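Remarks on the overall topology
Listed below, chain by chain, are the residues.
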Amino acid sequence: MSYKIITDSAANLTDEQIKEYDVEIISLKYNIDGKEYDSYIKGEKTDYAPVYKMLREKAMITTSLANRDACDKVIKPVLENGEDVLVLAFSSGLSGTCQNIMLAAEDYREMFPDRKIIVVDTLCASMGQGMAVHYAAKLKKEGRTIEEVAEWVESNKLSICHIFTIDDLFFLKRGGRLSGTSALFGTLLGIKPLLHTADDGKLYVTGKARGRSATLEHLIASVGEKGIDVVDQDIFIVHGDCEDEAKIIGQEVKKRYGVKNVVYNILDPVIAAHAGPGTLAIFFLGKER
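The following refers to the structure shown. (Residues numbered from 1 in each chain as written. Predicted model: local features only at pLDDT ≥ 70, side-chain atom pairs only at ≥ 80, totals over all residues. Heavy atoms only, no water.)

Moving on, we come to the sheet that holds strand β7 (residues 117–121). One open sheet holds the four strands; their spatial order is β2-β1-β6-β7, and the pairing between them is parallel. Looking at which strands have only one partner, the edges of the open sheet turn out to be β2 (24–26) and β7. Taking each pair of neighbouring strands and ignoring which way they run, the sheet shows an average axis angle of 25 degrees. With respect to the sheet, helix α3 (residues 68–80) is in contact with β1 (3–8), β2, β6 (84–89) and β7, its orientation differing from that of β2 by roughly 150 degrees. Sheet strands touched by helix α4 (residues 97–111): β1, β2, β6 and β7. Its angle to β7, the strand with the most contacts, is close to 165 degrees. (Pairing = 2+ DSSP bridges. Helix = DSSP H or I, 4+ residues; strand = E, 2+ residues; numbered from the N terminus. Axes fitted to C-alpha atoms, helices over the stretch in contact; angles between N-to-C directions. Contact = heavy atoms within 4.5 Å.)

In structure tokens form, the structure reads like this:
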């Protein structure tokens, strides 16, 4: 039976990936000065520069999870077309998006009793979630069933490492997205926080580095320390409007570990509103998170 892989815009997939993987995207939203915007609009390329300018000025940009209308817009047409659906959703540890999709799925199963509808809480965020989609799409292309692909993601999602640094803890603290008690050192001069997404899908500070170059080195070194067969992996790097530094990390990962392919993207406004400009993150399959 034919099926479609669906994810949400928090996956931060590039336009090229969305096309290559043949996936549909449920859009989260962000709000600026009372006006609401979709984080992703199919077929449109958005200039994020104005959003990042406002973020640097500490503007209040609020975000909202994917609601029922957003789910209906993307999922129902697929079901009406006679296809089954596998949704790989944004971590429940960071957003209610997955819960909303699961609630919608209950209704869809009654409306389309002949269709299979599977929702996986990836416990991943940004291009870590995108990486779950990446491998799911590969397996689908190889002819795996919807159940087999869902099971692979469930079994391997906690092997998707999310190692990142942010330039200013203000954004994570303001949005309530930071767990743990070690956030205070981020205000110290020259000290940058090192974070990861843990097995519960939440964000935790794991350490600190003095200066930006040390934080870049931490991201680079994490691939060698935690990665599994990184030579044959596609490594994903996402940035908060600091592409040059992202490229430095990617080039060094290739040089140091023999990685063949690195995919880069900018954080969309929904994720950026909580992580802030200057965020850098690297994603890969590892021994553990």
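It is worth spelling out the pattern of salt bridges at this point. Taken as a whole and assessed by the stated rule, the structure comprises 18 salt bridges. We note a salt bridge from arginine 56 to aspartate 241, for which the minimum N-O separation is 2.9 Å. Within this pair, whereas arginine 56 is found in helix α2 (residues 49–56), its partner aspartate 241 is found in the loop between β12 (234–239) and α9 (243–257), the two being separated by 185 residues in sequence. Given the relative accessible area of 44%, arginine 56 is considered partly exposed. Residue class for aspartate 241 comes out partly exposed when judged on its relative accessible area of 35%. The salt bridge partner of arginine 115 is aspartate 84, with a shortest N-O separation of 3.1 Å. One end of the pair, arginine 115, is in the loop between α4 and β7; the other, aspartate 84, is in strand β6, and 31 residues separate them in sequence. As far as burial versus exposure is concerned, arginine 115 and aspartate 84 are alike and both buried. A cluster of three or more residues bridged by salt bridges with shared partners is formed by Asp167, Lys192, Arg212 and Glu245. (Salt bridge = Lys/Arg side-chain N within 4 Å of Asp/Glu carboxyl O. Buried < 20%, exposed > 50% of the residue type's maximum accessible area, 1.4 Å probe, protein only.)

Here we take up the packing of helix α8 (residues 212–226) against α9. Across the interface, α8 lies against α9 with an axial gap of 10 Å and an inter-helix angle of 40 degrees. Taken together, the axes of α8 and α9 lie oblique to each other. Where α8 crosses over α9, the two elements pack in a sense that is right-handed. Note on element contacts: α9 touches α8 through Glu245, Ile248, Ile249, Glu252, Val253, Arg256 and Tyr257, opposite Arg212, Leu216, Glu217, Leu219, Ile220, Ala221, Val223 and Gly224. A breakdown of the residues in the contact of α8 with α9 according to their chemical character gives nine nonpolar, one polar and five charged. (Parallel < 35°, antiparallel > 145°, perpendicular 65-115°, else oblique. Left-handed = near helix turned anticlockwise from the far one by under 90°. Nonpolar A, V, L, I, M, F, W, Y, C, P; charged D, E, K, R; others polar.)

This next bit is on the side chain of serine 27. With respect to the helices and strands, serine 27 occurs in the loop between β2 and β3 (29–32). One polar contact links the side chain of serine 27 to the main-chain amide nitrogen of tyrosine 40, over a distance of 3.1 Å. Apart from residues no more than four positions distant in its own chain, serine 27 is found in contact with Ser9, Asp38, Ser39, Tyr40, Ala66 and Ala70. (Polar contact = N/O pair within 3.5 Å; in protein donor to acceptor, adjacent residues only side chain to side chain.)

Turning our attention to the packing of α3 against α4. Where α3 meets α4, the axes come as close as 10 Å, and the angle between the chain directions of the two elements is 40 degrees. As judged from the angle between their axes, α3 and α4 are oblique. Taken as a pair, α3 and α4 cross one another with a handedness that is right-handed. Here Arg68, Cys71, Asp72, Ile75, Lys76 and Leu79 of α3 lie close against α4, whose contacting residues are Ile101, Ala104, Asp107, Tyr108 and Met111. For the contact of α3 with α4, a count of residues per class yields seven nonpolar, no polar and four charged.

The subject of this paragraph is the packing of aromatic side chains. As enumerated under the stated definition, the model contains two aromatic pairs in all. One Lys or Arg, lysine 140, reaches over the ring of tyrosine 3 and ends 5.1 Å from the middle of that ring. Positioned above the aromatic ring of tyrosine 264, the side-chain terminus of lysine 247 is 5.2 Å from the ring centre. (Phe/Tyr/Trp six-rings, centres within 6.5 Å; stacked < 30°, edge-to-face > 60°. Lys NZ or Arg CZ within 6 Å of the ring centre and 35° of its normal.)

Of note in the backbone geometry, leucine 123 takes a positive phi value of approximately 55 degrees without being a glycine. Within the secondary structure layout, leucine 123 lies in the loop between β7 and α5 (126–141). Owing to a relative accessible area of 14%, leucine 123 belongs among the buried residues under this scheme. Even without glycine at this site, serine 126 takes up a positive phi of about 50 degrees. The buried category is assigned to serine 126, whose relative accessible area is 5%.

Turning our eyes to something else, we now look at the sheet that holds strand β5 (residues 61–64). To summarise the sheet geometry, strands pair through backbone hydrogen bonds and adopt either a parallel or an antiparallel arrangement. The strand order across the open sheet formed by three strands is β4-β3-β5, and the pairing between neighbours is antiparallel. Edge positions in the open sheet fall to β4 (35–38) and β5, since each of these has one partner strand only. Each adjacent strand pair in this sheet contributes to an overall mean axis angle of 30 degrees, direction not counted. Sheet analysis places β3 next to β4, joined by four bridges and oriented antiparallel. The residue bridging tyrosine 30 from the neighbouring strand is tyrosine 37, located in β4.

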